[in-house]
Amino acid sequence: MALAAPFCHLLAAPPPATAPAADAPREPAGALAPHRASPLLRRRGRLLLACRVSAAPSARGGDAAGVVAAGRPTVLVTEKLGAAGLELLRRFANVDCAYELTAEELRAKVSLVDALVVRSATRVTREVLEAGRGRLRVVGRAGVGIDNVDLQAATEAGCLVVNAPTANTVAAAEHAIALLTAMARNVAQADASLKAGKWQRNKYVGVSLVGKTLAIMGFGKVGSEVARRAKGLGMDIIAHDPYAPVDRARAIGVDLVSFDEAISTADFVSLHMPLTPSTAKLFDDETFANMKKGVRIINVARGGVVDEDALLRALDNGTVSQAALDVFTEEPPPKDSKLVHHENVTVTPHLGASTSEAQEGAALEIAEAVLGALKGELAATAVNAPMVPAEVLSELSPYVVLAEKLGRLVIQLVAGGSGIKGVKVVYSSARDPDDLDTRVLRAMVTKGIVEPISSAFINIVNADYVAKQRGLRISEGRILLDGSPEIPIDSIQVHLANVESKFAGALSDEGDIRVEGEVKDGKPHLTLVGPFSVDVSLEGNLILCRQVDQPGIIGKVGSILGKMNVNVNFMSVGRTAPGKQAIMAIGVDEEPEKEALKLIGDIPSVEEFVFVKL
Ligand SMILES: NC(=O)c1ccc[n+]([C@@H]2O[C@H](COP(=O)([O-])OP(=O)(O)OC[C@H]3O[C@@H](n4cnc5c(N)ncnc54)[C@H](O)[C@@H]3O)[C@@H](O)[C@H]2O)c1
Ligand SMILES: O=C(O)[C@H](O)COP(=O)(O)O
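Residues numbered from 1 in each chain as written. Chains lettered and ligands numbered in written order. Predicted model: local features only at pLDDT ≥ 70, side-chain atom pairs only at ≥ 80, totals over all residues.

Colleague: Break down the environment of K421 for me, citing the residues and quoting the values.
Modeller: Among the structural elements, K421 can be located in the loop between helix 16 (390-411) and strand 13 (422-429). Taking the C-alpha atoms as reference points, K421 and V499, separated by 78 residues in sequence, lie 8.5 Å from one another. Sequence-distant contacts of K421, that is, excluding residues within four places in its chain, are made with G471, L472, R473 and N498. (Helix = DSSP H or I, 4+ residues; strand = E, 2+ residues; numbered from the N terminus. Contact = placed C-beta atoms within 7 Å.)

Colleague: An account of the sheet that holds strand 5 (residues 160-163) is needed here, citing residue identities and associated values.
Modeller: Spatial ordering of the open sheet is given by 2-1-3-4-5, a layout of five strands whose pairing is parallel. Each edge of the open sheet is held by one strand with a lone partner, namely strand 2 (94-97) and strand 5. Adjacent strand axes in the sheet meet at a mean angle of 20°, parallel and antiparallel pairs treated alike. Examined bridge by bridge, strand 3 (residues 115-118) and strand 4 (residues 138-141) share four bridges and lie parallel to one another. Its bridge partner lying in strand 4, L116 is registered against V139. (Pairing = 2+ DSSP bridges. Axes fitted to C-alpha atoms, helices over the stretch in contact; angles between N-to-C directions.)

Colleague: Run through helix 15 (residues 356-375), naming residues and quoting values.
Modeller: With 20 residues, helix 15 ought to run about 28 Å at 1.5 Å a step, and its terminal C-alpha atoms sit 28 Å apart, in line with that. Here helix 15 lies mainly inside the structure; 18 of its 20 residues are buried. (Expected span 1.5 Å × (residues − 1). Buried ≥ 20, exposed ≤ 12 C-beta atoms within 10 Å, placed from the backbone.)

Colleague: Tell me about the packing of helix 16 against helix 17 (residues 439-450), and name the residues and values.
Modeller: Direction vectors running N to C along helix 16 and helix 17 enclose 30°, while the axes themselves pass 7 Å from each other. Considering their axes alone, helix 16 and helix 17 lie roughly parallel with respect to each other. Between helix 16 and helix 17 the crossing geometry is right-handed. Only V440, L441, M444, V445, T446, K447, G448 and I449 of helix 17 make contact with helix 16, whose side of the interface consists of L393, L396, Y399, V400, A403, E404, K405, L406, G407, R408, V410 and I411. Grouping the amino acids of the contact of helix 16 with helix 17 by side-chain chemistry returns 13 nonpolar, three polar and four charged. (Parallel < 35°, antiparallel > 145°, perpendicular 65-115°, else oblique. Left-handed = near helix turned anticlockwise from the far one by under 90°. Nonpolar A, V, L, I, M, F, W, Y, C, P; charged D, E, K, R; others polar.)

Colleague: Could you give an account of the site of ligand 2, with specific residues and numbers?
Modeller: Around ligand 2, the neighbouring residues are R119, S120, A121, A142, G143, V144, G145, N168, H350, G352, A353 and S354. Residues that form the shell around ligand 2 fall into these classes: four nonpolar, seven polar and one charged. (Near = placed C-beta within 6 Å.)

Colleague: Summarise the site of ligand 1; cite the residues concerned and give the values.
Modeller: Residues in close proximity to ligand 1 total 34 residues, the closest being G145, G218, G220, V222 and G352. Elements with a contribution of two residues or more to the shell around ligand 1: helix 7 (169-184) and helix 9 (221-232). With three residues, the top contributor of residues to the shell around ligand 1 is helix 9. Partitioning the shell around ligand 1 into residue classes produces 18 nonpolar, 12 polar and four charged.

Colleague: Talk me through the domain arrangement of the protein chain; I want residue IDs and the actual numbers.
Modeller: Interfaces are often described in size by the accessible area the parts lose on coming together. The domains assigned to the protein chain are domain 1 (74-163 + 359-375), domain 2 (168-347) and domain 3 (390-613). Here the C-alpha centroids of domain 2 and domain 3 sit 59 Å apart. (Domains from an automatic or database assignment.)

Colleague: Could you give me a rundown of the sheet that holds strand 22 (residues 606-613), with the residues and numbers involved?
Modeller: Read across the sheet, four strands follow the order 20-21-19-22 without closing on themselves; strand pairing throughout is antiparallel. Both outer strands of the open sheet, strand 20 (568-575) and strand 22, are each paired with one neighbouring strand and no more. Strand-to-strand, the axes of this sheet are offset by a mean angle of 15°, without reference to chain direction. Bridge count between strand 19 (residues 541-548) and strand 21 (residues 581-588): eight bridges; the pairing is antiparallel. Looking across to strand 21, one finds that N541 is bridged to V588. Most of the contacts of helix 20 (residues 594-602) go to strand 22, to which it runs at about 150°, and overall it touches strand 19 and strand 22.

Colleague: Describe the environment of E395, listing the residues and the values that go with them.
Modeller: Summarising the element assignment, E395 is placed in helix 16. Of the residues examined, E395 has 17 C-beta atoms within 10 Å and is grouped as partly exposed. Considering only alpha carbons, one finds E395 and Q322, 73 residues apart in sequence, at a separation of 55 Å.

Colleague: Report on the pairing of strand 15 (residues 491-496), specifying residues and quantitative values.
Modeller: Buried residues dominate strand 15, accounting for five of its six residues. As judged from the six bridges shared by strand 13 and strand 15, these two strands associate in the antiparallel manner. Residue pairing for strand 15: V423 is matched across the bridge by L496. Sheet analysis places strand 15 next to strand 16 (residues 513-520), joined by five bridges and oriented antiparallel. Within strand 16, the position partnered with H495 by the bridge is R514.

Colleague: Which residues make up the packing of helix 3 (residues 83-92) against helix 15, and what values go with them?
Modeller: Between helix 3 and helix 15, the least distance of the axes is 7 Å, while the angle of their chain directions is 20°. Here helix 3 is positioned roughly parallel relative to helix 15, judged by the angle of their axes. The two elements helix 3 and helix 15 cross, and the hand of that crossing is right-handed. When helix 3 is examined against helix 15, the residues A84, G85, L86, L88, L89 and F92 are found in contact with a partner set consisting of E360, A363, L364, I366, A367 and L371.

Colleague: Can you break down unusual backbone geometry residue by residue, with the values?
Modeller: Phi is mostly negative for residues that are not glycine, and the peptide bonds are mostly trans. Following E331, the chain continues to P332 via a peptide bond in cis, the omega torsion being -5°. Relative to the assigned elements, P332 resides in the loop between strand 11 (320-325) and helix 14 (338-341). The phi dihedral of N186 is positive, around 55°, even though this residue is not glycine. Secondary-structure assignment places N186 in the loop between helix 7 and helix 8 (187-195).

Colleague: Which residues make up the pairing of strand 17 (residues 523-529), and what values go with them?
Modeller: Counting buried positions along strand 17 yields six of seven residues, so the element is predominantly enclosed. Here strand 16 pairs with strand 17 via six bridges, running antiparallel. Its bridge partner being in strand 17, E516 is matched across the sheet by L528. In this antiparallel pair of consecutive strands, strand 16 and strand 17, the connection spans two residues, and D521 shows a positive phi of 50°. Where strand 17 lies against strand 18 (residues 532-537), four bridges are found, and the strand directions are antiparallel. When the sheet's bridge partners are listed, H525 is paired in strand 18 with S537. Adjacent in sequence and paired antiparallel, strand 17 and strand 18 are bridged by two residues, among which G530 carries a positive phi angle near 55°.

Have a look at this one:
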């Protein structure tokens, strides 16, 4: 599928043949975050930026052609999404809603789509991503937790994963508070008892919350919203989160403490961390044994962070007096689960994000992210790619093209059989290095170098991974210039060290292959080959000739190309000194026949030449 946006190559489709920072907004201690019911209004700034980047109409604008200039992408949605999000997807894509697919059905369908949108119940495994290879470019998770997506496999496949991290924060926090209060007052059990015809006032005496200590385990978006709300209930809040900024906790009036202190001092423990290899079964026999006797647990995060057998033992022996669970290791849990049926356990079927407001918000948030990604924009909620702000991408746009072209050029100057190990990319700029984010440029140089010599396809998602796999060391350097920092980059050089070149003219005095380019009038230009200054547009194809500087050569080469119907679009000669070695760089629209190239090589004063496809 061809895309109109200038960044489509950052997330290019493979050839057919084959966490945002958890910063909560700074609000006064105790203030509650507003409902995220209107992500569009909330994120209008970002959308406008996205429009600037793409130069194509925003996904919310009326012009579908902006998203897909040459054909609509197909999006597979495997779980129920809010209507507004689905509607937005349908405006710009063919949408296939297919729920409750078996793993086999999912693998079959995913090979036919450009994007997949899931919630927490669809397991996007390596096998699914492998099945999508060749077409699938984006996985959108309409929610926060991405533990159901094999991120490593997605990265290896160059498939961008985006999520909708903010739309259900309030819903999840409210559900945690609902479970906390319901558990403390036995609401679910008392409700069931009364409906069963009983009137058991003595049995369901609860506990008060005021003055009790609540430990929030994982002080991210949901955790901090729970803290705000629980403060309003008069609870003392402590939190454990090794990665949370202290000042954010302080602003809400929460003390960040160690894991041991949190679990040993709390009357209530509420879990709000992601499921990762290091949090899996973090709450096990040992953890429960170190908790205050009679502690109460709330889990609205992920079932897998708790060892459910250990929790059952702790409930049975009274270490844990009650638990309120929205999430389970296996969902749905087995019908005869002892945990679910335990009389001191309150359960809900993963309803944390299930408010109509949160569902609409998450669906819109993911629809925008997926459509943006299909357009080639880098979503702000990308999970497995560098998050480069839209304005940075916009500014670097012409340099992205230059970086890829230089990579393509330099690799074609390498003599066959030379293994490439070290690539150095040097940026000349008057800008403070801290203000120049070059990750996209490095990725594009890698793309330019690796794609012509392999079947791999590279994009911003997998560039670093593929480079590492191939043993390529890509280092970066800066040349600090005097001048205006307004222009981000003056020139980009690419050096390949310790390789032989099929074009000796490209070797610098240090013996590495070296090319340099600049952006002129928004277009990539080649400005240096080895020690020779040239100026030729990096478009189409290029012939580089080295000869002894003398009159008449340009005419001879030009007439050979003319006779063969090859249009010359640019020509530049660089020489070290009059009458000495010179390089001729000739941009040609068509690929010359072998015969034409041979005739150029046969010109007596031409010492070497190379034809390069850009
Ligand atoms: N039940 C639901 O429907 C529902 C809804 C929304 C979110 N969630 C889940 O809630 C959890 C939190 O979501 P969020 O939006 O707040 O995510 P978040 O990324 O904003 O916050 C997670 C926090 O956990 C912290 N953390 C990571 N490892 C930790 C560890 N070992 N110990 C303590 N803290 C650790 C992180 O530093 C981060 O601050 C996720 O698991 C998410 O999937 C569930
Ligand atoms: O991680 C999340 O966002 C929640 O667990 C919600 O999951 P859901 O989209 O399946 O409701």
